[in-house]
Amino acid sequence: MAPIAVASTTTTEFLTNLESFVVSPQPNTLHDVIAQAKDRYPSHELAFITSSAHDSSIQTKTFSAFNQHVRNLARAMLEWEKPTGSVVVVYLTEHEDNMAAVWACLLAGYVPC
């Protein structure tokens, strides 16, 4: 039988090493992207261009505020009780509303279209 090398580690060291493999600092999903942005840069802002027949302007919302808005919208969508993977048509005139609806669909498990 071939010899096996065994490193002596404590349970704490083992768990710390295991955690570093399991908990990734890199975002894995789109939900992770917005959650990490909110956590790292809560006061940074997203800019949305509003347009109308008369003028265009830029509206801003902090990552934290946008995240909260998206989560509230996703909760409302879940009240529809549609199956996960249902297609939701998103067509809104304002960019901020469109982006929030797309993120909310994804968070709720729906497919935005």
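Residues numbered from 1 in each chain as written. Predicted model: local features only at pLDDT ≥ 70, side-chain atom pairs only at ≥ 80, totals over all residues. Heavy atoms only, no water.

Where do I start with empty space enclosed by the protein in this structure?
Empty space among the atoms becomes apparent when a probe as large as a water molecule is rolled across them. Applying the stated criterion to the full structure yields 1 cavity of 30 Å³ or more. A volume near 40 Å³ is recorded for the largest cavity. In terms of lining, the largest cavity is formed by H31, I34, N67, V70, R71, W103 and L107. Taken together, the elements giving at least two residues each to the lining of the largest cavity come down to α2 (30–40), α3 (63–78) and α4 (95–108). (1 Å grid on protein atoms, 1.4 Å probe; cavity = no way out; pocket = protein on both sides within 12 Å on 5 of 7 lines; lining within 4 Å. Points joined across faces, edges and corners; volume = space filled by probe spheres on them. Helix = DSSP H or I, 4+ residues; strand = E, 2+ residues; numbered from the N terminus.)

Sorry, what's going on with the packing of α2 against α3 here?
Two quantities define a packed helix pair, namely the angle between the helix axes and the distance between the axes. Packing of α2 against α3 leaves a shortest axis separation of 8 Å and a crossing angle of 140°. Regarding the angle of α2 to α3, the classification is oblique. The way α2 lies across α3 gives a crossing that is left-handed. Where α2 approaches α3, its residues I34, A37 and K38 are matched on the opposing element by F63, S64, F66 and N67. For the contact of α2 with α3, a count of residues per class yields 4 nonpolar, 2 polar and 1 charged. (Axes fitted to C-alpha atoms, helices over the stretch in contact; angles between N-to-C directions. Parallel < 35°, antiparallel > 145°, perpendicular 65-115°, else oblique. Left-handed = near helix turned anticlockwise from the far one by under 90°. Contact = heavy atoms within 4.5 Å. Nonpolar A, V, L, I, M, F, W, Y, C, P; charged D, E, K, R; others polar.)

Please clarify how the environment of P112 should be interpreted in this entry.
Secondary-structure assignment places P112 in strand β4 (residues 111–112). Between the alpha carbons of P112 and S86 there is a distance of 8.6 Å; along the sequence they are 26 residues apart. Those residues in contact with P112 that sit more than four places away from it in its chain are V88, V90, V102, C105 and L106.

Honestly, the confidence of the model for the chain in this entry has me stumped. Any pointers?
Should pLDDT be low for a region, the predicted coordinates there are not to be read in detail. Per-residue confidence for the chain gives a mean pLDDT of 79, with 75% of residues at or over 70. Segment residues 1–7 is flagged for pLDDT under 50; beyond a separation of four residues in sequence, or across chains, it makes 0 contacts in the model. A low-confidence stretch, residues 18–23 stays under pLDDT 50, and its non-local contacts, those more than four residues away or across chains, total 0 contacts. (pLDDT = per-residue confidence, 0-100.)

What exactly am I supposed to notice about the state of the cysteines here?
Here, disulfide denotes a covalent bond that connects the sulfur atoms of two cysteines. Using the criterion set out here, one finds 0 disulfides in the structure. With no disulfide of its own, C105 lies closest to C113 among cysteine sulfurs, the gap being 9.8 Å. Overall, the relative accessible area of 59% leaves C113 in the exposed class. (Disulfide = S-S within 2.5 Å. Buried < 20%, exposed > 50% of the residue type's maximum accessible area, 1.4 Å probe, protein only.)

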